[in-house]
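Survey of secondary and tertiary structure
Here's the letter readout for the chains.
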Amino acid sequence: MISPDVVWREVGGEIVLLDLRKGRYYGLQDAAALIWKGIARGEAVEAIGRRLLRNYRVTAERAQRDILTLARTLAGKGLVRLR
């Protein structure tokens, strides 16, 4: 779930995030942007993983690892809350 203190927009294929509490901007591109959009839609890791598999040449294990790594990184910055 995205933190209520974060606003975001897609700009030219890139996701631009603003953490309103800290006044910090972040940019996500390519696979990270795809993962963010899945998180924003409330999708499960499996659904986001299937989308990664359709769009990038990665294994299912790699897709899942990348999703979880990004989700943990975003959570560590307070941008998302993990369930």
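Residues numbered from 1 in each chain as written. Predicted model: local features only at pLDDT ≥ 70, side-chain atom pairs only at ≥ 80, totals over all residues. Heavy atoms only, no water.

**So, unusual backbone geometry**
- One non-glycine residue, aspartate 30, lies in the positive phi region at around 50°.
- Inspection of the secondary structure puts aspartate 30 in helix α1 (residues 30-40).
- On the basis of relative accessible area, aspartate 30 is assigned to the exposed category, the value being 55%. (Helix = DSSP H or I, 4+ residues; strand = E, 2+ residues; numbered from the N terminus. Buried < 20%, exposed > 50% of the residue type's maximum accessible area, 1.4 Å probe, protein only.)

**Structural notes on the pairing of strand β3 (residues 24-28)**
- Judged from the five bridges that link them, strand β2 (residues 14-19) and β3 form a sheet pairing that is antiparallel. What sits directly across from aspartate 19, in β3, is arginine 24.
- Linking two consecutive strands that pair antiparallel, namely β2 and β3, is a turn of four residues; a positive phi of about 65° is found at glycine 23 within it. (Pairing = 2+ DSSP bridges.)

**Describing the packing of aromatic side chains**
- Taken as a whole, this structure holds one aromatic pair when the rule is applied.
- Arranged with centres 6.1 Å apart and planes meeting at 80°, the rings of tryptophan 8 and tryptophan 36 form a pair that is edge-to-face. A residue pair is termed long-range when its members are at least 10 positions apart, and tryptophan 8 in strand β1 (residues 6-11) and tryptophan 36 in helix α1 qualify at 28 residues.
- The exposure class assigned to tryptophan 8 is partly exposed, which follows from its relative accessible area of 23%. (Phe/Tyr/Trp six-rings, centres within 6.5 Å; stacked < 30°, edge-to-face > 60°.)

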